[in-house]
Amino acid sequence: MLSNFGRTRLSSSVNVIRRAFSAIPETMKAAVVREVGDADALKLETDFPTPKMGPGQVIVKNEYAGINFIDTYHRKGLYPRDLPFIGGQEGGGTVAAVSDEAAAEGIKVGDRVAYSVFGSYAEYTAVPAAKLLPVPDAVGLDVATSCVVQGMTAHYLTSSAHADLIKEGEWCLIHGVGGGTCQWAAQMAKLRGFKVIGTVSKGKASIAEGLGCDELIALDEVPGASFEDYESFDIVERVKEVTDGEGVKCVIDGIGKSTMDISIDSLARRGIFVSFGNASGAVPAFPVLRLIGKSAYVTRPKLLDYTVDREELVWRAGEIFGWLQEGKLNVSVDTEFPLEEAAEGHKYLEAGKSKGKVLYKI
C-alpha cells in the first residue's frame, strides 16, 4: 500500500531548499502551444521561463512526461486552455526544490515522484505537494509516469464510474483494449472480478491476448487512425451471443463517435454507458429517451472528479503501485520520444501506432 510522505523534517531543510532552488535555471526547454492546431502547433522552446514555486508547492525536475489523448484535445482547442501553454499533464521525476509547507509534510529534495498537473512537457514543473505521488523504489519512473493519467483513469473507470451497477461475475465491454488506457482497464476489470469483452484492431490483437479478456473481438484497422473499424463486425450481435442475450452491465468507451450506438445497444437492463474519450470524434448529442429501452444509465466522467482529495488520490495510486509490485498488472511502455520531437509524439499517438504508453524523455 502506498504511504503518505513521512512527517519528519530535516533540521537543515531551509538551507536545503535555498540551495536547491538557487540551482534551478531561470529558463528551460518546454513544448509549447501558442496557437491551437495540428501536431505541428506543439513547438519546442529552449528559453521558456522556469515556473516559480508557490506556497505548498515543489519544483519537480522531470525525467518523463506522458503523452495522452487529452493533450491532443487541448492542442487542437477541443478542450480550450489559455494561450500560450506548456503541453501535458502527466510527469515523473525528482523533487528539485520544496516550499516550507511541503517540507513540513516530509517532502525533500531528491524524492522520486509522479504527478498530474498541467505543464509536464518541460524540464521543470511546479506541483502542489498534495498532487505528488511518491514512487516506490521497485517501480521505474517511466512506469510510474505511465500510471498517473492512464492508470488512474483506468482505475476510476473500473472501480467507481460505473456507480456499482456492475457486480463481480457480470459482463463488461471495453473498447480499444490494444491502446494505453484500456490495456490498464481490461486488466483492472479482471482484478475486480468482472468478465470482460474487449474490442481491438487486428494489428494489436497479440497485445490484447495477454490482458486476460474473456472474449476478444478483433476488428479491421482504419489506416492512419487511432481507432478500429467498428463497422467491420457486428459487435452488438456478438455481445448478445456471449452474454446469452442479456448484454453487458457496463461499457467503457474511449472511442467516442464511432462506438456510441454500439455501446448503448450492447447494454443489459439497467446497464451503464461510461463514455470517457473521443478517439474517433466527439460523441454527438442524443435524446435521453434513447436510454428507455433498457432503463440504461450514461455518464461522462473525468479524472479530476475521481481524485477530489489527497486521500482518494493516494488510495487509487496505492492500489495501482501495489498491483504493479505484485506482478498483477502488465504495463507496456511502447515508445519514448525526446522532447525535441514533441510534434512527432502527438502524430504517433493520433495515427494509432501505439501499442502501449507513449512518453517524452526529458
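Quick caveat: nothing in here was measured; it's all calculated off a predicted structure. (Residues numbered from 1 in each chain as written. Predicted model: local features only at pLDDT ≥ 70, side-chain atom pairs only at ≥ 80, totals over all residues. Heavy atoms only, no water.)

**Observations regarding the overall build of the protein**
Helices and strands together make up the secondary structure of the protein, namely 10 helices and 16 strands. Its C-alpha atoms give the protein a radius of gyration of 21 Å, within 12% of the compact-globule value 21 Å for 362 residues. In terms of overall dimensions, the protein has C-alpha extents of about 70 × 40 × 35 Å along its principal axes. Going through the 362 residues of the protein one by one, you find that 56% of them count as buried. Sequence separation of at least 24 residues holds for 69% of the intrachain contacts in the protein that already meet a minimum separation of 6. Split by element, the accessible area of the protein, about 15,400 Å² in all, is 50% carbon and sulfur. Side chains of the protein give 39 positive and 48 negative charges; the mean places of these two sets differ by 3 Å. (Helix = DSSP H or I, 4+ residues; strand = E, 2+ residues; numbered from the N terminus. Rg over C-alpha atoms; globule rule 2.2 N^0.38 Å. Buried < 20%, exposed > 50% of the residue type's maximum accessible area, 1.4 Å probe, protein only. Contact = heavy atoms within 4.5 Å. Areas by Shrake-Rupley, 256 points an atom, 1.4 Å probe, with all protein chains shown as cover. Lys, Arg positive; Asp, Glu negative; His and termini not counted. Charge placed at Lys NZ, Arg CZ, Asp CG, Glu CD.)

**Remarks on the environment of Asp40**
Mapped onto the secondary structure, Asp40 falls in the loop between strand E1 (27-33) and strand E2 (42-49). Accessibility expressed as a relative area gives 37% for Asp40, which makes it partly exposed. Once residues within four sequence positions are removed from consideration, Asp40 is found in contact with Ala343 and Lys347. Within polar-contact distance, the side chain of Asp40 engages the side chain of Lys347 at 3.2 Å. (Polar contact = N/O pair within 3.5 Å; in protein donor to acceptor, adjacent residues only side chain to side chain.)

**Some words on the pairing of strand E3 (residues 57-67)**
When you tally the buried positions in E3, you get 9 out of 11 residues, the bulk of the element. Taken together, the 5 bridges between E3 and strand E7 (residues 124-128) define a ladder with antiparallel strand orientation. The residue of E7 that forms the bridge with Val60 is Thr125. Relative to strand E16 (residues 357-361), E3 runs antiparallel, the two being bridged by 4 bridges. Paired with Ile67 across the bridge in E16 is Val358. (Pairing = 2+ DSSP bridges.)

**Concerning the packing of helix H4 (residues 141-159) against helix H5 (residues 180-191)**
Where H4 contacts H5, the axes come no closer than 8 Å and their chain directions differ by 45°. The angle between H4 and H5 falls in the class oblique. In the crossing of H4 with H5, the sense of the turn from one axis to the other is right-handed. Contact residues: H4 offers Ser146, Cys147, Gln150, Gly151, Thr153, Ala154, His155, Leu157 and Thr158, while H5 offers Gly180, Thr181, Trp184, Ala185, Met188 and Ala189. Residues belonging to the contact of H4 with H5 are distributed by class as follows: 7 nonpolar, 8 polar and no charged. (Axes fitted to C-alpha atoms, helices over the stretch in contact; angles between N-to-C directions. Parallel < 35°, antiparallel > 145°, perpendicular 65-115°, else oblique. Left-handed = near helix turned anticlockwise from the far one by under 90°. Nonpolar A, V, L, I, M, F, W, Y, C, P; charged D, E, K, R; others polar.)

**Section: the confidence of the model for the protein**
Per-residue confidence for the protein averages 91 on the pLDDT scale, and 94% of its residues sit at or above 70. Here residues 6-19 is modelled with pLDDT under 50, and outside its nearest four sequence neighbours on either side it reaches 17 contacts, counting other chains as well. (pLDDT = per-residue confidence, 0-100.)

**A look at a nonpolar patch on the surface**
Judged by side-chain polarity, Val288, Leu289 and Ile292 come together as a nonpolar surface patch covering roughly 360 Å² of accessible area. Relative to the helices and strands, Val288 is located in the loop between strand E13 (267-275) and strand E14 (297-299). (Patch = residues over 30% accessible without salt bridge, like charges linked within 9 Å, V, L, I, M, F, W, Y side chains within 5 Å. Salt bridge = Lys/Arg side-chain N within 4 Å of Asp/Glu carboxyl O.)

**Focus: the environment of Leu133**
If you trace the backbone, Leu133 turns up in strand E8 (residues 133-134). What makes Leu133 buried here is its relative accessible area of 3%. Remark: the alpha-carbon pair of Leu133 and Ser258, spanning 125 residues in sequence, is separated by 35 Å. Those residues within four positions of Leu133 in sequence are excluded, and the remaining contacts are Arg112, Val113, Ala114, Leu313 and Ala317.

**So, the side chain of Thr125**
Looking at the secondary structure, you find Thr125 in strand E7. For Thr125, the side chain forms a polar contact with the side chain of Tyr115, separated by 3.0 Å. Polar contacts involving the side chain of Thr125 include one to the main-chain carbonyl oxygen of Gly119, which spans 2.9 Å. In this structure, Thr125 is in contact with Pro51, Val58, Ile59, Val60, Asn62, Tyr115, Val117, Phe118, Gly119 and Ser120, ignoring residues within four places of it in sequence.

**Focus: the sheet that holds strand E11 (residues 215-219)**
Read from one edge to the other, the open sheet built from 6 strands follows the order E11-E10-E9-E12-E13-E14, with strand pairing classed as parallel. Here the strands that pair on one side only, and so sit at the sheet edges, are E11 and E14. Shown here is a sheet whose adjacent strand axes are inclined to one another by a mean of 15°, direction ignored. Where strand E9 (residues 171-174) meets strand E10 (residues 195-201), 4 bridges bridge the pair, whose relative direction is parallel. Among the inter-strand pairings, Ile174 is bridged to a residue of E10, identified as Gly198.

**Quick word on helix H7 (residues 235-242)**
The periodicity of an α-helix, 3.6 residues per turn, causes residues three or four places apart in sequence to face the same way. Residues Ile235, Val236, Val239 and Val242 constitute the buried set of H7. Along H7, the residues classed as buried sweep out an arc of 125° about the axis, all on the same side. Where the residues of H7 are buried, they touch E9, E10, E11, strand E12 (248-253) and helix H8 (260-265). At the N-terminal boundary of H7, the capping side chain belongs to Asp234, with an oxygen 3.5 Å from the backbone nitrogen of Val236. Phi turns positive one or two residues past the end of H7, at Asp244, with a value near 55°. (Arc of directions from axis to C-beta.)

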